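Listed below, chain by chain, are the residues.
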Amino acid sequence: MPDRELEEMCHSNDGIVVRETFDRIGDKWTLLVVGMLAAGPLRFTQLRHQVPGISQRMLTRTVRHLERDGLLTRTAYPEVPPRVEYELTALGQGLLPPVRALAEWALANSLQVEEHRRAYDHSEAQPSATPPQPQQ
């Protein structure tokens, strides 16, 4: 997509939709949960073990948001003990190609990003030659 189209999309009413979508999928846990469900349905405890560092509360919240948005389904089986499985819907499956592309970009560029962070942090730690001017 040409840059001009992206700029127009961000400034139009579509920008609201784009921001809401990025807000949903761009949180700390959503992409990891979606990625773990790419291989097929998982029980809650399996999902929790496969997403390192996620608390039970955050996983519950994340899967509820994804279910509300139609990206996954929750199936409760009438068994003792109760069994609940989560699975990506067709809509959720459609999210996988851009998620994979973003993950591949992150892995391919992580060293460069880290170098830029170190350089930036180093330059910010140096005292500036001229004191900042007061704003008027």
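Criteria and thresholds
Residues numbered from 1 in each chain as written. Predicted model: local features only at pLDDT ≥ 70, side-chain atom pairs only at ≥ 80, totals over all residues. Heavy atoms only, no water. Helix = DSSP H or I, 4+ residues; strand = E, 2+ residues; numbered from the N terminus. Rg over C-alpha atoms; globule rule 2.2 N^0.38 Å. Buried < 20%, exposed > 50% of the residue type's maximum accessible area, 1.4 Å probe, protein only. Contact = heavy atoms within 4.5 Å. Areas by Shrake-Rupley, 256 points an atom, 1.4 Å probe, with all protein chains shown as cover. Phe/Tyr/Trp six-rings, centres within 6.5 Å; stacked < 30°, edge-to-face > 60°. Salt bridge = Lys/Arg side-chain N within 4 Å of Asp/Glu carboxyl O. Pairing = 2+ DSSP bridges.

## What about the overall build of the chain?
1) Next: Scanning the chain from N- to C-terminus turns up six helices and three strands.
2) Next: Secondary structure elements in the chain, listed N-terminal to C-terminal, are α-α-α-β-α-α-β-β-α.
3) Next: The C-alpha radius of gyration of the chain comes to 21 Å, more than 25% above the 14 Å expected for a compact globule of 136 residues.
4) Next: Seen through its principal axes, the chain has C-alpha atoms that stretch 70 × 35 × 35 Å.
5) Next: Sorting the 136 residues of the chain into buried and exposed places 24% on the buried side.
6) Next: Restricting to contacts in the chain with at least 6 residues of sequence separation, those with at least 24 account for 39%.
7) Next: Summed over all atoms, the accessible surface of the chain reaches about 10600 Å², with 56% contributed by carbon and sulfur.

## A short note on the packing of aromatic side chains
1) Next: Counted by the stated rule, this structure contains one aromatic pair.
2) Next: Ring centres of F44 and Y86 lie 6.3 Å apart, and the angle between their planes is 55°; on these two criteria the pair is classed as tilted. Taken as a pair, F44 in helix α4 (residues 44-50) and Y86 in strand β3 (residues 83-88) lie far apart in primary sequence, 42 residues in all. Grouping residues by exposure puts F44 and Y86 together as buried.

## Points about the environment of H49
1) Next: By the element assignment, H49 lies in helix α4.
2) Next: Each C-alpha atom of the pair H49 and E124 lies 39 Å from the other, and the pair is 75 residues apart in sequence.

## Structural notes on the pattern of salt bridges
1) Next: Counted according to the given criterion, the structure contains five salt bridges.
2) Next: The residue R83 makes a salt bridge to E85 at a minimum N-O spacing of 3.1 Å. An identical accessibility class is assigned to R83 and E85; each is buried.
3) Next: Here R117 and E114 are joined by a salt bridge, their closest N and O atoms 3.8 Å apart. Of this pair, R117 and E114 are both found in helix α6 (residues 90-125), three residues apart, which corresponds to roughly one turn of the helix.
4) Next: Since its relative accessible area comes to 33%, E114 is described here as partly exposed.
5) Next: One network of salt bridges, with partners in common, ties together E79, R83 and E85.

## Here's the deal with the sheet that holds strand β2 (residues 72-77)
Note on sheets: strands pair through backbone hydrogen bonds, and any given pair is parallel or antiparallel.
1) Next: Taking strand neighbours across the sheet as the criterion, the three strands line up as β1-β3-β2 in an open arrangement whose pairing is antiparallel. Every other strand in the sheet has two partners, leaving β1 (42-43) and β2 as the edge strands with one partner each.
2) Next: For β1 and β3, the ladder comprises two bridges, and the chain directions are antiparallel. By the bridge assignment, L42 is partnered in β3 with Y86.

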